[in-house]
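The primary structure of each chain is shown beneath.
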Amino acid sequence: MKKLRIGVVGLGRLGKVHAQNIAYKIPNAELTAACSIMPAELEYAKQELGVTDVYSDYREMLAKADIDAVVIVTTSSEHCWQIEAALDAGKHVFSEKPLGVDVAQCKQAEAAVERHPDLTFMLGFMRRYDKSYAYAKKKIEEGAIGTPYLVKATGIDPEAFVDGAIRFAKTSGGIFLDMAIHDIDLMRWFLGCEATEVYAMGATFKHPEFKEAGDDETGVAVYKFENGAMGMVHVGRTAPYGYHVETEIVGTEGTIRISAVPEKNQAMVYNVNGACTECVGSFPERFAESYLTEMEEFVNCALEGKQPGTTVYDGTKSTIIGYATTEAWKSGKIVKI
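Presented here is an overview of the structure given in this document.

So, how was this worked out
- Residues numbered from 1 in each chain as written.
- Predicted model: local features only at pLDDT ≥ 70, side-chain atom pairs only at ≥ 80, totals over all residues.
- Heavy atoms only, no water.
- Pairing = 2+ DSSP bridges.
- Helix = DSSP H or I, 4+ residues; strand = E, 2+ residues; numbered from the N terminus.
- Phe/Tyr/Trp six-rings, centres within 6.5 Å; stacked < 30°, edge-to-face > 60°.
- Buried < 20%, exposed > 50% of the residue type's maximum accessible area, 1.4 Å probe, protein only.
- Lys NZ or Arg CZ within 6 Å of the ring centre and 35° of its normal.
- Lys, Arg positive; Asp, Glu negative; His and termini not counted.
- Salt bridge = Lys/Arg side-chain N within 4 Å of Asp/Glu carboxyl O.
- Contact = heavy atoms within 4.5 Å.
- Right-handed = clockwise from strand over helix to strand, strands pointing away.
- Axes fitted to C-alpha atoms, helices over the stretch in contact; angles between N-to-C directions.
- 1 Å grid on protein atoms, 1.4 Å probe; cavity = no way out; pocket = protein on both sides within 12 Å on 5 of 7 lines; lining within 4 Å.
- Points joined across faces, edges and corners; volume = space filled by probe spheres on them.
- Nonpolar A, V, L, I, M, F, W, Y, C, P; charged D, E, K, R; others polar.
- Patch = residues over 30% accessible without salt bridge, like charges linked within 9 Å, V, L, I, M, F, W, Y side chains within 5 Å.
- Areas by Shrake-Rupley, 256 points an atom, 1.4 Å probe, with all protein chains shown as cover.
- Core = buried A, V, L, I, M, F, W, Y, C linked by side-chain atoms within 4.5 Å.

1. Side note on the sheet that holds strand E1 (residues 4-9)
The parallel open sheet is built from 6 strands, whose spatial order is E3-E2-E1-E4-E5-E6. Two strands in the sheet have a free side with no partner beyond their single neighbour: strand E3 (54-55) and strand E6 (121-124). Across 4 bridges, strand E5 (residues 92-96) lies against E6 in parallel orientation. Within E6, the position partnered with Phe 94 by the bridge is Met 122.

Next comes the structure, spelled out in structure tokens:
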């Protein structure tokens, strides 16, 4: 079996998920190199993943490692130049979201992708590969809810991981680019059109460190789409009970709700607190299968010389909307997109 030799850059929480999938769960992929500026992450690659070819310099990995492809799981602001460098070095590229933190960066990545049509590029909008979201898309295409005209989305990270969010806040691009980019992509996907204007606001009640970093711990945005459809997004970083993600698509003939209660499993505990369902604890847990499925798609496309359904242009469009949302949040005004 031909295997795609992959180097991963960034081995934080999500980077570890991708690296473990490549190393142990995808038969036609091989994790042959790893790069991180954190010595502990390189030690993790050696000890837990069996990767001996490790680098602290990304360009050195591109030049020296025996790899066909790169998986980029670094800070958002680093994605675009790393995408360009990898493609120009002749490597297939998978990059985590967002594509970039501003439109100029996205255009830089677009140009690199267009220069190398023979190389596979994929952006990590993994929710499109989640069984529930893919099912909802299929039902919408079949006309099960008539014409969709409203998408309501909630995504709140657990309070248990707030310290990491605070450390990341200064370089995340702001709460909407960091937290809402998946929901923005899904709104475009489900409604089949582009947003034309947005109003947004944010608030910080529990962790003033977010304000000090120029960010907020919670954000809400309302969108108008070109066909008159609407979108609503609520994102945050302080869910006390676990990871809260849900989406509702309202149509003229019905509604689809995904994860109205973000259950950890099908078990229910009956005790003095009543009937209790434990919530899923984190996004790697909730979307574990989706992360594996999307990486399998990337590997297969790279080996077969194909392009995946999620393109660099989806990244640019979502970033444009995310950037406009950030502008609306900071200015307090309705922003045209």
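2. Observations concerning the packing of aromatic side chains
Applying the stated criterion across every chain yields a total of 9 aromatic pairs. Residues Trp 189 and Phe 190 carry aromatic rings whose centres are separated by 5.4 Å and whose planes lie at 40° to one another, so their mutual orientation is tilted. Residue class for Trp 189 comes out buried when judged on its relative accessible area of 17%. Residue class for Phe 190 comes out buried when judged on its relative accessible area of 3%. In this structure an aromatic cluster arises from ring pairing among Tyr 133, Trp 189, Phe 190, Tyr 243, Phe 283, Phe 287 and Tyr 291. Taking the ring centre of Phe 161 as reference, the NZ or CZ of Arg 13 above it sits at 4.1 Å. Lying across the ring of Phe 287, Arg 286 places its NZ or CZ 4.3 Å from the centre.

3. Considering the side chain of Lys 97
Along the chain, the position of Lys 97 falls in the loop between E5 and helix H5 (103-115). Buried and unpaired, Lys 97 has no salt bridge, with Asp 178 as the nearest side chain of opposite charge at 4.1 Å. Setting aside its immediate chain neighbours within four residues, Lys 97 contacts His 79, Leu 123, Gly 124, Phe 125, Asp 178, Ile 181 and His 182.

4. Thoughts on the side chain of Thr 325
Mapping Thr 325 onto the fold places it in helix H13 (residues 312-331). Beyond its immediate sequence surroundings of up to four residues, Thr 325 is in contact with Phe 176, Ile 184, Val 198, Ala 200, Ala 221 and Tyr 223.

5. Details of the pairing of strand E2 (residues 29-35)
Across the 7 residues that make up E2, a large majority, 6, are buried. Sheet topology note: the E1/E2 ladder contains 6 bridges and is parallel. When the sheet's bridge partners are listed, Gly 7 is paired in E2 with Ala 33. Following the chain from E1 across helix H1 (residues 13-24) to the adjacent parallel E2, one finds a crossover that is right-handed.

6. Some remarks on the sheet that holds strand E9 (residues 218-225)
In space, the 7 strands of this open sheet follow the order E12-E11-E7-E10-E9-E8-E15, with mixed pairing throughout. Bordering the open sheet on either side are strand E12 (255-258) and strand E15 (335-336), each of which pairs with just one other strand. As paired strands, strand E11 (residues 244-251) and E12 are joined by 4 bridges and run antiparallel to one another. Considered in E12, the bridge of Thr 247 is made with Ile 258. Strands strand E7 (148-158), E11 and E12 of the sheet are contacted by helix H6 (residues 131-141), whose axis makes an angle of about 175° with E12. Where helix H9 (residues 181-191) meets the sheet, its contacts fall on E7, E9, strand E10 (230-239), E11 and E12, and the angle it forms with E7 comes to roughly 160°.

7. Considering the environment of Ala 229
Mapped onto the secondary structure, Ala 229 falls in the loop between E9 and E10. Residues Ala 229 and Ser 282, spaced 53 residues apart in sequence, show a C-alpha to C-alpha distance of 31 Å.

8. Observations regarding the layout of surface pockets
Considered as a void within the structure, the largest pocket measures approximately 1,400 Å³ in volume. Lining the largest pocket are 45 residues, with Gly 12, Arg 13, Val 73, Thr 74 and Phe 168 positioned closest to its centre. When contributions to the lining of the largest pocket are tallied by element, the ones reaching two or more residues are H1, helix H4 (79-88), E7, helix H7 (162-168) and helix H8 (175-179). In terms of residue count, H7 provides more of the lining of the largest pocket than any other element does, 5 residues in total. Across the lining of the largest pocket, the residue classes tally to 21 nonpolar, 14 polar and 10 charged. Within this model, the second largest pocket holds a volume of roughly 190 Å³. Surrounding the second largest pocket, 10 residues form its lining, Ser 259, Pro 262, Glu 263, Gln 266 and Arg 286 being those nearest its centre. Here the residues of the lining of the second largest pocket sort into 3 nonpolar, 3 polar and 4 charged.

9. Observations concerning a nonpolar patch on the surface
Among the surface-exposed residues, Tyr 199, Met 201, Val 220 and Ile 334 lie close enough to one another that they form a single nonpolar patch of about 360 Å² accessible area. Mapped onto the elements of the fold, Ile 334 is located in the loop between H13 and E15. The exposure class of Ile 334 is exposed, given its relative accessible area of 56%.

10. Section: the nonpolar core
The tendency in soluble globular proteins is for nonpolar side chains to be buried side by side. Val 71, Phe 190, Tyr 223, Ile 249 and Phe 298 are the most contacted members of the largest nonpolar core, which totals 68 residues. With residues up to four places along the chain from it excluded, the contact list for Ile 249 reads Ala 136, Ile 140, Ile 145, Pro 148, Leu 150, Val 151, Phe 190, Gly 254, Thr 255, Ile 256 and Ile 258. Within the second largest apolar cluster, 30 residues are counted, among which are Ile 83, Ala 109, Phe 125 and Ile 181.

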